[in-house]
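# Residue-level structure breakdown
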Amino acid sequence: MLTDHRHQEILSRLHGTGRVGVADVALFLKVSEETIRRDLKMLEERGLLRRIHGGAVPPRLDQERPLQERGKLNTREKGRVAVLAEALVLDGMSVFIDTGTTTLALARRLTGRNLTITTNSVDVALHLGSGPARVNLTPGTLRSNDNALVGYETVAYARRYFFDIAFMGIAACDLEHGWMDYEEHESVLRRTLKGQSRRAVLLADSRKFGRQANLCTFGLGEKLSIVTDKPPPEAFQDAFAGHEIETIHT
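This text gives an overview of the structure that appears in the document. (Residues numbered from 1 in each chain as written. Predicted model: local features only at pLDDT ≥ 70, side-chain atom pairs only at ≥ 80, totals over all residues. Heavy atoms only, no water.)

## Quick notes on the nonpolar core
- Ranked by internal contacts, the top residues of the largest apolar core, which has 25 residues, are Val-95, Ile-97, Leu-110, Ile-117, Phe-167, Leu-203 and Val-227.
- Every element with two or more residues in this core is listed here: helix H5 (75-86), strand E4 (94-97), helix H6 (101-109), helix H7 (122-128), strand E9 (163-168) and strand E12 (197-203).
- In this structure, Met-168, Ile-170, Ala-204 and Phe-236 belong to the second largest nonpolar core, which totals 22 residues. (Core = buried A, V, L, I, M, F, W, Y, C linked by side-chain atoms within 4.5 Å. Buried < 20%, exposed > 50% of the residue type's maximum accessible area, 1.4 Å probe, protein only. Helix = DSSP H or I, 4+ residues; strand = E, 2+ residues; numbered from the N terminus.)

## What to know about H5
- In a regular helix each residue adds 1.5 Å, so 12 residues correspond to 16 Å; H5 covers 16 Å between its end C-alpha atoms and thus fits that length.
- For H5, the set of buried residues is Glu-77, Lys-78, Val-81, Ala-82, Leu-84, Ala-85 and Glu-86. (Expected span 1.5 Å × (residues − 1).)

## Looking at unusual backbone geometry
- Although it is not a glycine, Lys-30 adopts a positive phi angle of roughly 60°.
- Within the secondary structure layout, Lys-30 lies in the loop between helix H2 (22-29) and helix H3 (33-45).

## Considering the packing of helix H1 (residues 3-17) against H2
- At a minimum axis distance of 11 Å, the contact between H1 and H2 shows a crossing angle of 130°. In terms of orientation, H1 and H2 fall into the oblique class. For the element pair H1 and H2, the recorded crossing hand is right-handed. Each of Arg-6, Glu-9, Ile-10 and Arg-13 in H1 lies in contact with H2, whose residues at this interface are Val-25, Phe-28 and Leu-29.
- Its residues assigned to classes, the contact of H1 with H2 shows four nonpolar, no polar and three charged. (Axes fitted to C-alpha atoms, helices over the stretch in contact; angles between N-to-C directions. Parallel < 35°, antiparallel > 145°, perpendicular 65-115°, else oblique. Left-handed = near helix turned anticlockwise from the far one by under 90°. Contact = heavy atoms within 4.5 Å. Nonpolar A, V, L, I, M, F, W, Y, C, P; charged D, E, K, R; others polar.)

Dropping the structure here:
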């Protein structure tokens, strides 16, 4: 059986029962248990499941993890993205930085810069607040797992201003559904920021490609700048071709 067909069967069983076992799937598909273990590893790397002893369960949603825990994942890739994104910032700019581990990595590189920063991240605001930048913190309801301010008031505040550049995180990028988020708060705010900035920039480490989340935020053809740590997979490059999409990578 071809790899794609095995993966489809594994995911179908996972969605139906909430758990799959290596031995059961190997027996059903008439392949070795080692083959299934490799399949599960590949699917976990795509963010489609989470391996456990003897099998797999649905992936733990990123928004369920505290920001401190998420910040320990893919740190090298996020650091590369932050370095590339910093080069887009000129002194005197009005910049929006939304919440997330990659955007926080960027904020750490902007210490000492003469900027006007608007953010819905308490962590970003605290990090930059002691420097020369003028920092504006949006209103909103505090979300405790990542110290983000979210909700109607946050979006309404963002709509009142226009920014030179908006840096946004993103949860996933899927060929069929485009750029995706887990929560409506992020999705609505990011669509708003795209319309309120001269340049809308998504910070997406390379592991975001080929993953899915819950909500469609942007189509793959929408005008955006994408900063990532290495070239996107060829299928995504083909999807971007012909659109006003700038991809920045090492």
